[in-house]
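# Remarks on the overall topology
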Amino acid sequence: MRGPVTGGGAARLLPAWAGVLSALLFSASVWMPPVGFALSLASPGPLALATWRSGLSGGLLSLLVGVGVTAVIVGPEAAAIYAGQFAAGGCVMGLALRAGRGPAAVVGGYTAVAVGAFWLTLAVAAMREGVGLGVYVGQLLDQTSALFAGAFQQEGLDPETVLAVQAGMDETYRSLRVLFPGLMVCLSVLTGWGNALALRRSAGGGDGWDGWRAPEWLIWVLVGAGLAGVLTAGVLSAVGWNLFAVAATVYFLQGMAVIHRVMAVRGLPRMFRIAAYLLIFLQFPVTMLVAGVGAFDLWFDFRARLAPSSPPAGGGTRS
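Note that this is a predicted model, so its numbers are computed, not measured. (Residues numbered from 1 in each chain as written. Predicted model: local features only at pLDDT ≥ 70, side-chain atom pairs only at ≥ 80, totals over all residues. Heavy atoms only, no water.)

## Looking at the overall build of the protein chain
The secondary structure content of the protein chain amounts to twelve helices and zero strands. Scanning the protein chain from its N terminus toward the C terminus, one meets helices and strands in the order α-α-α-α-α-α-α-α-α-α-α-α. Per-residue burial for the protein chain yields a buried fraction of 40% across its 319 residues. Contacts in the protein chain between residues at least 24 apart in sequence constitute 73% of all its contacts with a sequence separation of at least 6. (Helix = DSSP H or I, 4+ residues; strand = E, 2+ residues; numbered from the N terminus. Buried < 20%, exposed > 50% of the residue type's maximum accessible area, 1.4 Å probe, protein only. Contact = heavy atoms within 4.5 Å.)

## A short note on the packing of aromatic side chains
Counted according to the given criterion, the structure contains twelve aromatic pairs. Aromatic side chains Phe26 and Tyr82 sit 5.2 Å apart centroid to centroid with 50 degrees between the ring planes, which places their arrangement in the tilted category. Here Phe26, found in helix α1 (residues 9-31), pairs with Tyr82, found in helix α4 (residues 76-98); they are 56 residues apart in sequence, far enough to count as distant. Each member of the pair, Phe26 as well as Tyr82, is classed as buried. Geometrically, the ring pair formed by Trp193 and Trp209 is tilted, given 5.2 Å between the ring centres and 55 degrees between the ring planes. Taken as a pair, Trp193 in helix α7 (residues 159-202) and Trp209 in the loop between α7 and α8 (218-231) lie far apart in primary sequence, 16 residues in all. A relative accessible area of 10% means that Trp193 is categorised as buried. Classification of Trp209 as buried rests on a relative accessible area of 2%. (Phe/Tyr/Trp six-rings, centres within 6.5 Å; stacked < 30°, edge-to-face > 60°.)

## Some points on helix α5 (residues 103-129)
Taking 1.5 Å of rise per residue, the 27 residues of α5 would be expected to cover 39 Å, and the 38 Å separating its terminal C-alpha atoms lies within 8% of that figure. Backbone geometry just downstream of α5 places Gly130 in the positive-phi region, at approximately 75 degrees. (Expected span 1.5 Å × (residues − 1).)

## Concerning helix α3 (residues 44-74)
Compared with the 45 Å implied by 1.5 Å per residue over 31 residues, the 17 Å span of α3 between its first and last C-alpha is markedly short. At Gly55, α3 shows its maximal bend, which comes to roughly 145 degrees. Remark: Gly75 follows α3 within two positions and exhibits a positive phi of approximately 105 degrees. (Bend = angle between axes of the 7 residues up to and from the residue.)

## Here we look at a nonpolar patch on the surface
On the surface, a nonpolar cluster with roughly 740 Å² of combined accessible area is contributed by Leu24, Val30, Trp31, Met32, Val35, Leu39, Val72 and Ile73. Only α1, α2 (35-40) and α3 provide two or more residues apiece to the nonpolar patch. At three residues, the largest contribution of residues to the nonpolar patch is made by α1. Within the fold, Val30 resides in helix α1. (Patch = residues over 30% accessible without salt bridge, like charges linked within 9 Å, V, L, I, M, F, W, Y side chains within 5 Å. Areas by Shrake-Rupley, 256 points an atom, 1.4 Å probe, with all protein chains shown as cover. Salt bridge = Lys/Arg side-chain N within 4 Å of Asp/Glu carboxyl O.)

## Looking at the confidence of the model for the protein chain
For the protein chain, mean pLDDT is 85; residues scoring 70 or higher make up 83% of the total. For the protein chain, helix α6 (residues 133-153) is the element with the lowest average pLDDT, namely 74, and α8 is the one with the highest, namely 96. A low-confidence stretch, residues 310-319 stays under pLDDT 50, and its non-local contacts, those more than four residues away or across chains, total 26 contacts. (pLDDT = per-residue confidence, 0-100.)

## Focus on the pattern of salt bridges
Scanning the model with the defined rule gives five salt bridges in all. Here Arg213 ties to Asp301 by a salt bridge, and the two come within 2.3 Å at their closest N and O atoms. Taken as a pair, Arg213 in the loop between α7 and α8 and Asp301 in the loop between α11 (284-300) and α12 (302-306) lie far apart in primary sequence, 88 residues in all. The buried category is assigned to Arg213, whose relative accessible area is 18%. The shortest N-O distance in the salt bridge between Asp297 and Arg303 comes to 2.7 Å.

## Considering the packing of α4 against α5
Running from N to C, α4 and α5 cross one another at 165 degrees; their axes reach a closest spacing of 8 Å. When the axes of α4 and α5 are compared, the pair comes out roughly antiparallel. Once α4 is placed against α5, the crossing between them reads as right-handed. On α5, the residues that touch Glu77, Ile81, Gly84, Gln85, Phe86, Ala88, Gly89, Gly90, Val92, Met93, Ala96 and Leu97 of α4 are Ala105, Val106, Gly109, Tyr110, Val113, Ala114, Ala117, Phe118, Thr121 and Arg128. (Axes fitted to C-alpha atoms, helices over the stretch in contact; angles between N-to-C directions. Parallel < 35°, antiparallel > 145°, perpendicular 65-115°, else oblique. Left-handed = near helix turned anticlockwise from the far one by under 90°.)

## Topic: the nonpolar core
Residues Met93, Leu97, Val106, Trp209, Leu222, Tyr251 and Phe252 are the most contacted members of the largest nonpolar core, which totals 39 residues. Not counting the four nearest positions on each side in its chain, Leu97 is found in contact with Trp52, Val106, Leu199, Arg200 and Trp209. Counting ten residues, the second largest nonpolar core, distinct from the first, contains Leu122, Ala126, Val137 and Tyr173. (Core = buried A, V, L, I, M, F, W, Y, C linked by side-chain atoms within 4.5 Å.)

The structure is reproduced here in structure tokens:
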């Protein structure tokens, strides 16, 4: 990866422009949902880049600019959410990359800040409403479910279709109430990983993480959490399913690293790779298969078997 830029007009302007771009990406979630939500997940990237290139001072400047622009565009409350859940995590990501840390530190640091800020934001909002945190989260989920239900009813669908859609949404809603904490961690992990990889590529460092493996002890978390989810009930079952979702997400990333290494070493065409990635992200059974590849890589070492001629990855160490 190229070293940090320390001089020049472009280097001095980078933090300010990074803050503006990050704020615009985040604000897209308000302007044009649901596409804007996907764009908002890229908002940590510019701040991470500014921090990596300009250090902590550049990152803080980007954060302040991003918060200010967000406050002007979508209001102070949204700016507070942006600062905690996206901007601060982006700065932490940039510092970890600047220090040459591996995937566990880079993505783990981002996830810890983003998830902590998310729950802090909800706790403050619940205090303002005078209700408990669990009650407030339930109210948010109820409002979201009602919003989607109303949207489908306005589409002019026939009654049978509406009932079928409503039944599916009710099932999804019940699952979401149980898995909500774990899903937020999963989303933060995927957001951190995606932004970090994009940053490494834009900075000239390549992918570099296609040799990464999850720590060996995580397999026992996956197995134990799955058994707890299936064999127990109540709170213990909910905790098990949430831990299972997080562990499965980590193994999904290991599976993606395996697939990327194999396709790169074997020189598969770019269009084939794009189609494969689209299939992975758009078809849930394929997504789960990739997570399975990541888990079984602990025993089968697919990269050594299927891509033995590949050079060692810079950052492909166990964490």
